Structures are given as C-alpha cells and as structure tokens.
Protein chains: 4
Amino acid sequence: MIVILKSDVTKEQVAEFADVIKKKYSVDVHTSFGEQSTVLGLVGDTKAVDIDSISAFSVVETVHRVQEPYKKVNRKFHPDDTVIDVNGYKIGGGELQIMAGPCSVESKEQIIGIAESVQKSGANFLRGGAFKPRTSPYAFQGLRATGLDLLKEAKNATGMPIVTEIMSADHIELFEDVDVIQVGARNMQNFELLKELGHCNKPILLKRGLANTIEETLMSAEYIMSGGNENIILCERGIRTYETFTRNTLDVSAVPIFKKLSHLPVVVDPSHASGITWLVEPLSLAAVAAGADGLMIEVHNDPPHALSDGAQSVTPEQFARLSDKILTMSHAMKSIC
Amino acid sequence: MIVILKSDVTKEQVAEFADVIKKKYSVDVHTSFGEQSTVLGLVGDTKAVDIDSISAFSVVETVHRVQEPYKKVNRKFHPDDTVIDVNGYKIGGGELQIMAGPCSVESKEQIIGIAESVQKSGANFLRGGAFKPRTSPYAFQGLRATGLDLLKEAKNATGMPIVTEIMSADHIELFEDVDVIQVGARNMQNFELLKELGHCNKPILLKRGLANTIEETLMSAEYIMSGGNENIILCERGIRTYETFTRNTLDVSAVPIFKKLSHLPVVVDPSHASGITWLVEPLSLAAVAAGADGLMIEVHNDPPHALSDGAQSVTPEQFARLSDKILTMSHAMKSIC
Amino acid sequence: MIVILKSDVTKEQVAEFADVIKKKYSVDVHTSFGEQSTVLGLVGDTKAVDIDSISAFSVVETVHRVQEPYKKVNRKFHPDDTVIDVNGYKIGGGELQIMAGPCSVESKEQIIGIAESVQKSGANFLRGGAFKPRTSPYAFQGLRATGLDLLKEAKNATGMPIVTEIMSADHIELFEDVDVIQVGARNMQNFELLKELGHCNKPILLKRGLANTIEETLMSAEYIMSGGNENIILCERGIRTYETFTRNTLDVSAVPIFKKLSHLPVVVDPSHASGITWLVEPLSLAAVAAGADGLMIEVHNDPPHALSDGAQSVTPEQFARLSDKILTMSHAMKSIC
Amino acid sequence: MIVILKSDVTKEQVAEFADVIKKKYSVDVHTSFGEQSTVLGLVGDTKAVDIDSISAFSVVETVHRVQEPYKKVNRKFHPDDTVIDVNGYKIGGGELQIMAGPCSVESKEQIIGIAESVQKSGANFLRGGAFKPRTSPYAFQGLRATGLDLLKEAKNATGMPIVTEIMSADHIELFEDVDVIQVGARNMQNFELLKELGHCNKPILLKRGLANTIEETLMSAEYIMSGGNENIILCERGIRTYETFTRNTLDVSAVPIFKKLSHLPVVVDPSHASGITWLVEPLSLAAVAAGADGLMIEVHNDPPHALSDGAQSVTPEQFARLSDKILTMSHAMKSIC
C-alpha cells in the first residue's frame, strides 16, 4: 500500500504518522522523501488495512493499494484453475457446461418436461427457481420448499444435477439435496448469507451484483472461501448501466478478467444479461468466445405463460438449435487456444 | 397498463390475445385499432400483472405501465404525510431530525461520549453500527450483539433513541430495544429480510440500494408495508455512477421525488453519499434545501483511529458548527414553504 | 405515439387537447376512454413530434413512442444489409474486415512499417490518427495535416484504404484522399459536424459516444443519412459505466441490436473498449461471435514509446497471432449462420 | 507521479526503465526498493507525462498521478476566486446570479416578453438558444443567426447581458455581441472548438458533459484557459446515470468540489438536470445551499407550445415565485458562511 502525504507535511509529522501505522497494523513502513511529496510504502500483510482510516489522517493526500485485497481467490497464490466436479460433470478446466431450465419451477410436469428436453439437447445441469427474489411483493414468489422437492424429482428422473437460488441462510437445510447453490445478484453482498455458505461444503454459484465491481465480486467470493468452502463458480449476468434497451448490460470483459485475477470458473447468464429472447444466442456465443466455462440459459416450454421472466426465455426447440451452435463455437475455441 | 401490438397482427390474433389476458389476470381489456398499430388498455387491478409475461407473447411490441406498481406507499391513495413518532421525536410532517453518531460502535466510552456531545449540539437520534456490512471479510465486522448492548447503555445515559442496522432476519430478537431498525443499502432487495420486518412494529429506516431506482426503492418499502408495518423512513445515501471523486453520487433529486410519489418521510445520509469529510456540510445543507425530513451524519471523536469509515466522519467540534448551520437552513426553509 | 392523460381530465379537455395536437403536428388522433385513464394514439408521421412538448401539457400523464424516431437507418424500411465497398473491400454482407494500425501516426517509417506488417497478417484497412482528441491540452495532439500526408504515403506503399478521425468540419477538404472518415466518440453528437458529413460522399465510421444510448447512436447516423450520405458504419467502442478495471465497458449486445434495428454494418473497437492489451484478444473473438462485420485494432511497433494509447496497443507479432484466431472464429461463425 | 513496478523486476531493469523515463519526459526519478515492490516517484513537471505510455512498459504494475493534471484552473496555483464581471454583474465572489429565459428563441415578441418578465422577477442574465443541438435531425434546430439577432434586440430592450450556445467554431464571428458564450454538454470535449474559444476574450460558460468526470470538465476548462481566455464559468447540468425518472441526475456534490479544486465560478442548471418542471424549485434551492454562484433556469411563457424542452420550463409566474425563494435561500447562505 502506497500512502502519499500532503506537500506541506514536516519530517516530524511523517515520523509520527509512520509510527502510528506501524503499531496499529503491524506492517513495515518505508519512507521516500521527494521534492514535492513524501511517499510511504506499507509492507507486510496489508489486507486488513482500512484505506478509509488511513485517508482520515490529516497528513494524508491519497492512498493506493498495490496488492489485491483478496488472497484465497487470487490466481497469484493459486495459479492452477479450480475445477469443480459435480456428479462427474466438470466446471472449469476446459470443459463447457450448459445449465438450462425455467426461471421458476411451476409444476412437476413442467420441470421434468423441460429437464428431459434440455438434457436431450446438450444441457448437463438443470436450473430452476424455487425461492424467487421479485421486485414486487405482489408478484409470484416461487413455490419455495415445494419447488425444491419438484427439482429433486426432476433430478431423479434425469440424473441431472440441479442449480437453484438460496435467499436466506435460514433455508440452508432445505438445500441438502441441491447440487449447486446459487447466490443471486441482489444477495451478492448479503454478507451474513455468504458467511454461512462458507461453512457448507456445496459448490456455490455466485452471481455478480447489479452494480458491483469485479473486485467486489471477488471479495464476496473471498468471504465464502475464507469460511472454508473453496468450491465457487463466478457468474456474470449483466450490470446496470444507463442503456435501457436491454434489461442489463452484459460485461463480457468480466469473463477474461475474472479468469486472469482468480482461479475460479466463470459462467455467463445471457438470459438475465439481456432480458430479450433474441439476444440469448449472440450473447451465448460471445460468452464462449470470451472464454466462459459455462452458460446458464432460461428455457420455458410456454414463455408467454411463464410465471416469471417470460420475455427472456427460449423454447426447448430454440434451445436445441442454440445448443448446436454453442457446441460449434466451443470446438472452434478449443482449436484456437 | 397499455399493450401495443405489432403492426402485422390480425384481428383474430388480437381477440385471442385479449381473451387470454382477461382470464389470466382478471382485468378488462379495451382495444383500440389504429392505422399503424393496435393498442390494448388493461383496466382493473394490474399490480400483479407481470410485464415480462405480457412481452413474451409473439403479438406484443411493447408494454407500458400506467399505474404505479406500488399501492400502500403511494401518495395517491394516502395523501397525508406519514409522521413517525419515536419517543416524542417526530420524523416527517415539517420537523427536521438529525441522527448522528459513529459508523461503528467501538467501546462504551466512545459511544456514550459521542452521544452526549452530539446531543448537546442538536442531534436527537443516536446512530451507530453494531452489525457492519464490510466488503472485505478481513475488515472489522462490528461488535455485533455487544455493540447493541453498548448502544442501549448510551440510550440509557442520554435518553436518545437509537438507530442501528440489521443484517439478517435471524437477529430481529436482538433488536428489541432498538428504536429505529436500519436496512442497509446492500440489503435493500434482501426480500426475505424485508418480509420479516413487515411483521415487526418498529420504525424501519430503509436505505436506497447502490444502484436501485426510485421505483425499486418504493417497491422495497411496499414489501415492508404489505406485511403490516407502516412505519417506514426512506433514506437517500448516494448512488453508484461513473464519477470516482466521491464514494457515491448523492441523488438530491430523490428527496422531492420520494416525497411527491409517496407519503413517507425522507432522510439523507451525506456521509456515505460523499465519503469525504469536507463534503458533509454542503451536502447536508443541500439536502435540507431539497426538503429532507432528516439527516444521518457520521461523527467520530478520533476519525483516523475509527475502525471504519474514518475518511467521511466529522469530529464532534465540526458537528457542532455544522448543526448550527443546518438549523439556520431549516429555519430559512420553513419561511420559504 | 401513445399519450396517456391524467385520470381527472374531463371529456372537454380531452377534445380540446386532441384538437391542438392534430393541428400542430398534422397527425390523426384516436381517443380511447378507459375507466382509469384516457389514452390517445397519434397516427401519421410522428417523427417530428416532440415528446417534451406533449409532456408539458397539464392534462398529460406520460407519453410513449411506438415508432422508432429514425427512418432512414431503420431496417423496417430498408430490410437488406447495407454493404459498403471501399476499393473492393466490402464492409457488411457477411465479410469480416480488420482495420489495424497505430493510435497516432508518428512518422513515415512508423506508419509504413506498421501498415506493411498488419497487411501481411490479414488486415485490409489501415487505421491511424492524425487529428487526436486528447483530454489534456498538454498531451500530444497528433501530426494533423502532416499525419494525413503520411497516411497517404502508407496507402500508396501498400494499397490499403485508410481510416482516420475528423475533429472539425473545417478540415473536410484535407480528408479528400481519406477512404473512411471516422467520427470519434466525443463528437458523436457534434451535430454541425454530422450535418456537413451528410453532404460528403465518403463512408463514415461513426463511433458510439461514451454515454450514448443505442437509439441516440442511430439518431446520429440518421443525421448523416438525412443529409444524403448513406455510407455509414457503426462502431461500438465501449461505454462508460461504474466499473473501473477497464477503460470502458464493451457493450457486446450493441452488435446484434444495431444489426436488428438498422441495416448498417457494425464494427467493434476492442482496444478502446478495454484499454488493456491482454483484453484485446478475448474481446475481438467475442465481437466476432456476436456478429460484428469488422474489428478496429490498435497496433504499435513499440507500445511503451507510443505517443498515445500505449497501454492498449498490441505489437505486430501479437497482432499476427490474434489475426489467425480471428480468422478461425470467423469461419466458425460462417458455419453457424 | 508514482509508478509501482512488478514484483519480479530486477535492479537492472529498474535502472534501465528509470533512465528511459528521465530522458523521455525530462523529470527526476526517485527509486524506493521495498520487499514486495519497487516504487518510483517522478518529480518535476509531469503534466505532459502520459499514464498510458508508462503503463505499456512491461515492468510496470500500476501508475498513480499525485499532482492534478490541470494547472491554470487549479486553486492550488490561484487561491483567490475568479470573479467575472459582465456589464457590471459579477459571477463568483459571493454574488448569486440568475440566468433565465427560454430553451429556444422563437420570435421577437417571445424573447423580449420573457426577458422583461424574468428581469422584473430578479434575473440579471437572459438565456436563450439560437443554435440548438437536437438528438433528432427532424426536430427544430433553432433560428440560428436570426435567433442571435433577436437576442440582441432583447438585450437592447432590457439591458440584460445574453448567454447563448455555440455549436461550431465557424460561428464565432456571429457571437460578437453575445456576452457569455455557452459550450453545451455535448460539445464539452469538442477540443477544436475549445481551442478556438481560448483565443477569444469573452466569458465562456462550460457545461459538464453528460458522462464526463469532474476532472475531465476541469481539463476542458484548462484547454480554454491554456489558450489565453481566463473567463470561464463551470456549469453542472446533471449527469447520465441508470435512474430514468429524471432526464439526468443532478450531481450537486460537483458544486463544492469544483469550487475546492478550482478558482472558477460554478453555475447550476436545474432545468436540464431534471427535465421536470416541478423539480426546478427544490433543485434550485439545493444548488444554492451547496454553494452555487448562479442558476440557469428555463422559462417559457407557454411551455406546451415551446419548440423545445417544454416539459422542463417554468412559466414567468412560477419563476417569479421561485426567484423569491431563491433570494431567501441566498440570504440564509450568506448568514451561514
């Protein structure tokens, strides 16, 4: 961490300040006196040093972090890709996994029907929402525990591992048979939930928040990992910008950045990123070309009658065609890298 | 709700679609055939109608909501200002309340010392964090239950009602002696928490999320209110934009907008909105001039040694001077309106 | 255009308002009385109707546009792809064109050297800045007219058509030998410049502004086209968001959206979109996978000594490897579509 | 400027790199070797040092600027407030000036009528658009030169100095009788225009761009000032964010920040910042409370029939009431400071 002091600071003030910092944070402080400013380098384990506290000293002009504030998710300290094995299906390490299914689980027939059809078309994971975060209290809130039961029935019928969202740490026990627990964008900084998931041994699919930076997303992964759970999948699902044509703006750059800064696998959700059916195909292909390890796609047998997210769901027939194209793209990428 | 159909839709398709909508949502549908497009008006209680589902029909071009999707917080159905009385101090209805105190409760001496000094300078409410949402798992997480106990001691010592943040519905019982429960920006769409707070009878101070719209904020208030708890204070605390000079961008327009669209009192937090001590004064004055019912200001006796948010805290001496200016501004506003 | 009136408006007010609108804009007005609101449909040529003026009438609640405000760039009225032929190289219509070269033209040796090397690796167009828009008045402003001369020398040496940026309508005469005139992001809404370019018969590469919507970009293209110049290439080069890791955020969704809404070819600039050398490859591949008709890539023989944009330039060697991968991706895309 | 090198860089590489920098930019380089990283301090006149070029060296991890990149507009080198005297009316230095008038000049009667009425209510400057930047080529583009003539007639009739927007350097001669030349938000980075305005001796009102940072705005002022024209007024008019309720989001914090970082006067335009008539009052009051030196308010005698910006214009009657409140607020502020 580099601390730049104000230009009118005296040598005595510098010494006094350096002393306070050394004691408070148990770090070494290297001082470099320049003509226009004095620069301090804080050396040692600075991940707990609070930039805000340092900035509050009256002698300080600005503070810059040199080391990333995340350790366990950092590729520098863990150069190999994390590969997560779910019932034999590998996420990360060169394989491309497609997770498909409806926004909301609605009935036994619906979820099993969709599961069977997307499995036939190449999806290995079944996604489906049982607990649904909805902006309006008057909108369908999901079948909740019943929805989890229906997902398990679909898993039994098809053998597909299931991915579904958790909305409260109180529900963790209900998720015992779930294969991958999803943390939604709105809960990415629900730190009490992240802490609890750190003590659980299931893979966590962590969605980037609507307006969270790449670094904040990695810090949320660090929360889970620092609790002991190292099976984390990052998910880019679009961020909030001024553009209103799409529901969100897919930050496709996040894919190679997450993969460079961390060792975690990265999945892209083109359905939420766009909110528009006809954009799911080009965004899926772009995500694969950017290096994604997987895709999470909303598929519904009857989008206009879906209880949620109808406007962004593809039909099983559309999914079958899309899946073929994704496969072609995935092969091209393997030949490139 | 207005549904505009595609230009090539036949009369039969229009009739069929109108029929489906009528049955699915129990609303009336008025059809207007134009030269270039057919427009349907959905009449009745449309708050549960899902725009996404409507958009998913192949005949639909676009959908526009005419009525606001919130009812209980809507000023149209509740024209009078909500005034919340906390131990005799009124929030809303023309009074200006100042809530002041440290970002984090750190010790008995600290919290009681700050409480006494801000009370002397004009603050009626004591704010202080016990459960702290922090981006990094390695940062100070608050004294948690112990912090709540210290806040109660400060309340006993001064008589000031206390405002403090809740991070999980599991902690509600611990908040029994808290006067105003704060929902932080990162939990504004933690719907499971909002639902629980709807069943509690304490005032809730609901902070606008980092990247949430005014409408989404009102919908989160609607969650709480639809559960039965009508004592809600909205809080504007800055939104995330591209500008990096400030920690967030204070959306001062949100104050008059919240007050026009809803009947709820509105408080502004200039400390989080800016993240910079010297901006707290101009933003406090601007908030009052825009019509805010209250201010929430971080005050710390020793900002450089604060365990969190040092860079944006004012000292008790600075607060005393600021409080005088806020009072002058508040009087000017009363003479204007 | 749909105008929704306030709920308390009388029939007389509706009739009076409809009358004013009919006369002012020469459009037909269809009125539909509902229980809760009255809806007017404006029929005819509404592209000159000003939403702001309509909104200012006291009887109006909200106004929604049904038809797109752009006509000449609209695919609805021009279903076939526009293909722009520049010296035999086609932009649009299924071909992928790579435009490569330095941010700034610096010397004869530099520009000819880079031109020859990128041509050998597969680029058909030479890009290079002569007039440089720089945030700081103290930064290198480009070689200006001399830079244009050097570009022409490179064109003579290699036969590559040249693409370079114009910063003022006063310079149009200087651009006589330029093949494609670029309008930079900061001038996308310099309407006086756009009008002048509408009277010129050269292809215009129009970059999307830093914070301009897709619709605004199409409206700027409409400015040029309504002046008579129909040879427009749209360019997505990243938008400004809250994320600071990258210089801008590539809005990859803009590629399929521009191509659906308009008939114009779309090029992507991964160099400015990211500002980081190692992101140029994944973003180039993602752009092709999303359907881009071309790429514009900054290549410099010695990035650290570049007079501008060093951090985002690739070397000729890196470009050669990248170009191969882009070709593989382009073939894969052809097999998909 | 602080350059942090990668952790695996050798001493030889450091020496070689430092040498290159010294020669290229004529600055001194102070080297500080730490355990984890080597830090270089560049000392001297670094305003022309290009961060991008430095970042492109393979040994560099990150670069941080210590000194602001602007000099002439910097308060550090010019501690006293700039006060601009226009026909005896002072902008800056404690006075509050109100600039009022229609979005567009439409006719002699309109502009003289509005001028007389806003003058009576307390406005000292007349604003009005002759050259109008419009998103659509089909919208009213202003009366152009004729509009300037009408403004001069209004000036002759009332004695009010006039403020109006320039859209191209080609028009500068037409602006000879204009008192304050406005650069609109869309031209804030039209650097060729800024350079020309630097050679003119009239006050320039520089509007912040839709998505430009505070630093970029100051750099654009630096462009004008480095050309020799020191009479610059900064104008905050709202920035583009994800919030759609308002046309833009007023960044009220920009007022105290501009005044701290620079010595230039700051004016706020609440009309464009909100786009909504009923928000003009609270935003005007908030701007004054935040320390603005002036306000620029759109006033139209008949908003629904305005040729542009009807939805955000107040009537002369509304303006008279608003002006009184602004005066009360201004007095309150003088008693506070």
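## Examining the interface of chain C and chain D
- Opposite the 51 residues of chain C that make contact, chain D presents 50 residues.
- Surface buried jointly by chain C and chain D totals about 4,300 Å² across both partners, of which 52% is contributed by carbon and sulfur atoms.
- Contact with chain D buries area across many residues of chain C, yet Y138, E192 and P304 of chain C alone supply 16% of it, more than any other trio.
- Taken together, chain C and chain D are joined by eight salt bridges.
- One salt bridge in this structure joins R134 of chain C and D50 of chain D, with 3.8 Å as the shortest N-O distance.
- Summed over the shared surface of chain C and chain D, the number is 24 residue pairs in polar contact (both at pLDDT 80 or more).
- Among the elements of the structure, α1 (11–25), α2 (51–56), α5 (191–198) and α6 (214–226) of chain C are those that each provide at least two residues to the side of chain C that touches chain D.

## Structural notes on the sheet that holds strand β4 (residues 60–64) of chain A
Residues and elements named next belong to chain A.
- Sheet architecture is open: four strands sit in the order β2-β3-β1-β4, paired in antiparallel fashion. Two strands bound the open sheet, and with one partner strand each, they are β2 (28–33) and β4. With direction set aside, neighbouring strand axes in the sheet form an average angle of 20 degrees.
- Sheet topology note: the strand β1 (residues 2–5)/strand β3 (residues 38–43) ladder contains three bridges and is antiparallel. Paired with I2 across the two strands is G41, which belongs to β3.
- Sitting on the sheet, helix α1 (residues 11–25) is in contact with β1, β2, β3 and β4, with an inclination near 160 degrees to β2.

## Some thoughts on helix α3 (residues 108–120) of chain B
Residue and element names in this part refer to chain B.
- With 13 residues, α3 extends 18 Å from end C-alpha to end C-alpha; this agrees with the ideal 18 Å at 1.5 Å per step.
- Residues of α3 that are buried: Q110, I111, I112, I114, A115 and V118.
- Note on α3: the residue one or two positions beyond its end, G122, has a positive phi of about 120 degrees.

## Looking at the relation of the copies chain C and chain D
- If you rotate chain C by 180 degrees and push it 0.0 Å along the axis, it lands on chain D with an RMSD of 0.0 Å. Those values place the two copies in the arrangement expected of a two-fold rotation axis. Identified as the residue of chain C closest to the rotation axis by C-alpha distance is A211 of chain C, at 2.9 Å.
- Both copies contact each other with a shared surface, as 98% of the interface residues of chain C are interface residues in chain D too.

## What about the relation of the copies chain B and chain A?
- Screw-axis analysis of chain B against chain A gives a translation of 0.0 Å along the axis, an RMSD of 0.0 Å, and a rotation angle of 180 degrees.
- Interface overlap between copies is the fraction of interface residues in one copy that are interface residues in the other; for chain B against chain A it reaches 100%, indicating a shared surface.

## Side note on the interface of chain B and chain A
- Every contact between the two is made by 51 residues of chain B and, on the other side, 51 residues of chain A.
- Overall, the association of chain B and chain A removes approximately 4,300 Å² of surface from exposure, summing both partners, and the carbon and sulfur fraction of that is 52%.
- Here chain B and chain A share eight salt bridges between them.
- One salt bridge in this structure joins D52 of chain A and R247 of chain B, with 3.6 Å as the shortest N-O distance.
- Inspection of the region where chain B meets chain A yields 24 residue pairs in polar contact (both at pLDDT 80 or more).
- For the side of chain B that touches chain A, the elements supplying multiple residues, two or more each, are α1 (11–25), α2 (51–56), α5 (191–198) and α6 (214–226) of chain B.
- Broken down by element, the residue count for the side of chain B that touches chain A peaks at five residues, all from α6 of chain B.
- Counted by class, the side of chain B that touches chain A contains 18 nonpolar, 16 polar and 17 charged residues.

## Focus on the packing of helix α10 (residues 316–336) of chain A against helix α10 (residues 316–336) of chain C
- At a minimum axis distance of 10 Å, the contact between α10 of chain A and α10 of chain C shows a crossing angle of 160 degrees. By the angle between their axes, α10 of chain A is roughly antiparallel relative to α10 of chain C. For the element pair α10 of chain A and α10 of chain C, the recorded crossing hand is right-handed. The segment α10 of chain A lies against α10 of chain C, with K325, T328, M329, A332, M333, S335 and I336 of chain A engaging K325, T328, M329, A332, M333, S335 and I336 of chain C.
- For the contact of α10 of chain A with α10 of chain C, the per-class residue count stands at eight nonpolar, four polar and two charged.

## Quick look at the pairing of β1 of chain A
All names here are of chain A.
- Side chains of β1 alternate between two faces, with I2 and I4 and V3 and L5 buried alike.
- Here four bridges tie β1 to β4, and the two strands are oriented antiparallel to one another. Across the sheet, residue L5 finds its bridge partner in β4, namely V60.

## Quick word on the domain arrangement of chain A
- The domain boundaries assigned to chain A delineate domain 1 (2–64) and domain 2 (84–336).
- Computed over C-alpha atoms only, the centres of domain 1 of chain A and domain 2 of chain A are separated by 44 Å.

## Comments concerning the pairing of strand β3 (residues 38–43) of chain B
Residues and elements named next belong to chain B.
- Of all six residues making up β3, six are buried, and the element is well covered by its neighbours.
- Judged by which residues are buried, β3 turns out to be covered on both faces: T38, L40 and L42 on one side and V39, G41 and V43 on the other are all buried.
- As paired elements, strand β2 (residues 28–33) and β3 share six bridges and run antiparallel to each other. Note that in β3 the partner of S32 across the bridge is V39.

## Some words on unusual backbone geometry
- Unusually for a residue other than glycine, N87 of chain C sits at a positive phi of about 50 degrees.
- With respect to the secondary-structure elements, N87 of chain C resides in the loop between β5 (84–86) and β6 (89–91).
- Phi at R144 of chain D is positive, roughly 55 degrees, even though this residue is not glycine.
- Accessibility expressed as a relative area gives 26% for R144 of chain D, which makes it partly exposed.

## Thoughts on the side chain of D251 of chain D
- Along the chain, D251 of chain D turns up in the loop between β12 (232–236) and α7 (254–261).
- Once residues within four sequence positions are removed from consideration, D251 of chain D is found in contact with E243 and T249 of chain B together with R208, I214, E236 and I239 of chain D.

## Considerations on the environment of G294 of chain C
Residue and element names in this part refer to chain C.
- Mapped onto the secondary structure, G294 falls in strand β14 (residues 294–298).
- Separated by 59 residues in sequence, G294 and C235 have C-alpha atoms that sit 9.1 Å apart.
- Apart from residues no more than four positions distant in its own chain, G294 is found in contact with L96, Q97, V266, V267 and V268.

## A look at the packing of aromatic side chains
- Scanning the model with the defined rule gives 20 aromatic pairs over all chains in all.
- Centroid distance F17 of chain C to F57 of chain C: 5.0 Å. Interplanar angle 70 degrees. Geometry classified as edge-to-face. Here F17 of chain C, found in helix α1, pairs with F57 of chain C, found in the loop between α2 and β4 (60–64); they are 40 residues apart in sequence, far enough to count as distant.
- Across the ring face of W278 of chain D, the terminal group of K260 of chain B is positioned such that the distance to the ring centre comes to 4.6 Å.

## Here we look at the side chain of T315 of chain D
- Within the secondary structure, T315 of chain D sits in the loop between β14 (294–298) and α10 (316–336).
- When near neighbours in sequence (up to four residues on either side) are disregarded, T315 of chain D contacts V299, H300 and P303 of chain D.

## Comments concerning the environment of T213 of chain D
- If you trace the backbone, T213 of chain D turns up in the loop between β11 (204–207) and α6 (214–226).
- Distance from T213 of chain D to I239 of chain D, taken between C-alpha atoms, is 9.2 Å for residues 26 residues apart in sequence.
- With near-sequence residues (within four places) excluded, T213 of chain D lies in contact with Y242 and E243 of chain B, R240 of chain C together with R208 of chain D.
- From its side chain, T213 of chain D meets the backbone nitrogen of E216 of chain D in a polar contact 3.0 Å long.

## Re the sheet that holds strand β7 (residues 97–101) of chain A
All names here are of chain A.
- As summarised here, the arrangement of the eight strands in space is β7-β8-β9-β10-β11-β12-β13-β14, forming a closed barrel in which the pairing is parallel. Taking the axes of each pair of neighbouring strands and ignoring which way they run, one obtains an average angle of 30 degrees across the sheet.
- In this structure, strand β9 (residues 162–166) lies alongside strand β10 (residues 180–183), joined through four bridges in parallel fashion. Residue pairing for β10: E165 is matched across the bridge by Q182.
- Of the strands in this sheet, β12 (232–236) and β13 (266–268) touch helix α7 (residues 254–261), which is tilted by about 165 degrees from β13.
- Sheet strands in contact with helix α9 (residues 280–289) are β13 and β14 (294–298), and its direction is about 165 degrees off that of β14.

About the cut-offs
- Residues numbered from 1 in each chain as written.
- Chains lettered and ligands numbered in written order.
- Predicted model: local features only at pLDDT ≥ 70, side-chain atom pairs only at ≥ 80, totals over all residues.
- Heavy atoms only, no water.
- Contact = heavy atoms within 4.5 Å.
- Buried area = accessible area lost by both parts, 1.4 Å probe.
- Salt bridge = Lys/Arg side-chain N within 4 Å of Asp/Glu carboxyl O.
- Polar contact = N/O pair within 3.5 Å; in protein donor to acceptor, adjacent residues only side chain to side chain.
- Helix = DSSP H or I, 4+ residues; strand = E, 2+ residues; numbered from the N terminus.
- Pairing = 2+ DSSP bridges.
- Axes fitted to C-alpha atoms, helices over the stretch in contact; angles between N-to-C directions.
- Expected span 1.5 Å × (residues − 1).
- Buried < 20%, exposed > 50% of the residue type's maximum accessible area, 1.4 Å probe, protein only.
- Least-squares fit on C-alpha atoms with pLDDT ≥ 70 in both.
- Nonpolar A, V, L, I, M, F, W, Y, C, P; charged D, E, K, R; others polar.
- Parallel < 35°, antiparallel > 145°, perpendicular 65-115°, else oblique.
- Left-handed = near helix turned anticlockwise from the far one by under 90°.
- Domains from an automatic or database assignment.
- Phe/Tyr/Trp six-rings, centres within 6.5 Å; stacked < 30°, edge-to-face > 60°.
- Lys NZ or Arg CZ within 6 Å of the ring centre and 35° of its normal.

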